[in-house]
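# Notes for the structure review
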Amino acid sequence: MGKFRKKPVVIEAIQWKGDNFREVEKLLSKSTREWERNGDLIIIDTLEGKHNCQINDWIILGVKKETYPCKPDIFEATYEGIK
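Numbering of residues begins from 1 in every chain and follows the order in which that chain's sequence is written. At least 70 in pLDDT is required for a residue's local features to be given in this predicted model, at least 80 for side-chain atom pairs to be given and counted, and no such filter applies to totals for whole chains, interfaces and linings, which use all residues. Working from all heavy atoms in the structure, the side-chain values ignore hydrogens and water.

## A short note on the packing of aromatic side chains
To pair, rings of Phe, Tyr and Trp, with the six-membered ring standing in for Trp, must have centres within 6.5 Å; the planes then decide the type, stacked if under 30 degrees apart, edge-to-face if over 60, and tilted in the middle. Per the stated rule, a full pass over the model turns up 4 aromatic pairs. Measuring from ring centre to ring centre gives 4.0 Å for Trp58 and Phe75, while their planes differ by 5 degrees; the resulting arrangement is stacked. Of this pair, Trp58 sits in strand 5 (residues 58-61) while Phe75 sits in helix 2 (residues 72-78); the two residues are 17 residues apart in sequence, bridging distant segments of the chain. Buried, partly exposed and exposed residues are distinguished by accessible area as a fraction of the type maximum, computed with a 1.4 Å probe on protein chains only: under 20%, between the cut-offs, and over 50%, respectively. For Phe75, a relative accessible area of 12% gives the class buried. Members of the aromatic cluster, connected to one another through ring pairs, are Trp16, Phe21 and Trp35. The ring of Phe21 has Arg37 sitting right over it, with the charged end atom 4.8 Å from the ring centre. Numbering of helices and strands starts at the N terminus; helices are DSSP runs of H or I of at least 4 residues and strands are runs of E of at least 2. Comment: the charge-over-ring label is applied if NZ (Lys) or CZ (Arg) is within 6 Å of the ring centre and within 35 degrees of the ring normal.

This is the structure:
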């Protein structure tokens, strides 16, 4: 067994604030996966099944146009902004 480092990949993401659905919808419209809004939740059909995206979670558009939610602490530990 060896050790591996994740390749640097640029992703698109947006944080769900509860009042920015238009911006979130723009990102989700690029996805190859299904999704729906249910009140304050956005339910995303990921490769692993349906996942709830709660307020303050990040929504990530992956390299194959798949979407998935990510908790803020994990997002902060994994990603950094680029210019």
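That covers the picture; the talk isn't over yet.
## Brief notes about the sheet that holds strand 6 (residues 67-70)
As summarised here, the arrangement of the 3 strands in space is 1-5-6, forming an open sheet in which the pairing is antiparallel. Edge positions in the sheet fall to strand 1 (12-15) and strand 6, since each of these pairs with one other strand and no more. The average angle at which neighbouring strand axes cross in this sheet is 25 degrees, direction not considered. Sheet topology note: the strand 5/strand 6 ladder contains 4 bridges and is antiparallel. What sits directly across from Leu61, in strand 6, is Thr67. Of the strands in this sheet, strand 1, strand 5 and strand 6 touch helix 1 (residues 21-28), which is tilted by about 155 degrees from strand 1. Think of it this way: DSSP has to see at least two bridges between two strands before they count as a pair. Note on definitions: angles span 0 to 180 degrees between N-to-C directions of axes, and those axes are lines fitted to C-alpha atoms, for helices only across the stretch in contact. The contact rule is simple, with two residues in contact once any of their heavy atoms fall within 4.5 Å.

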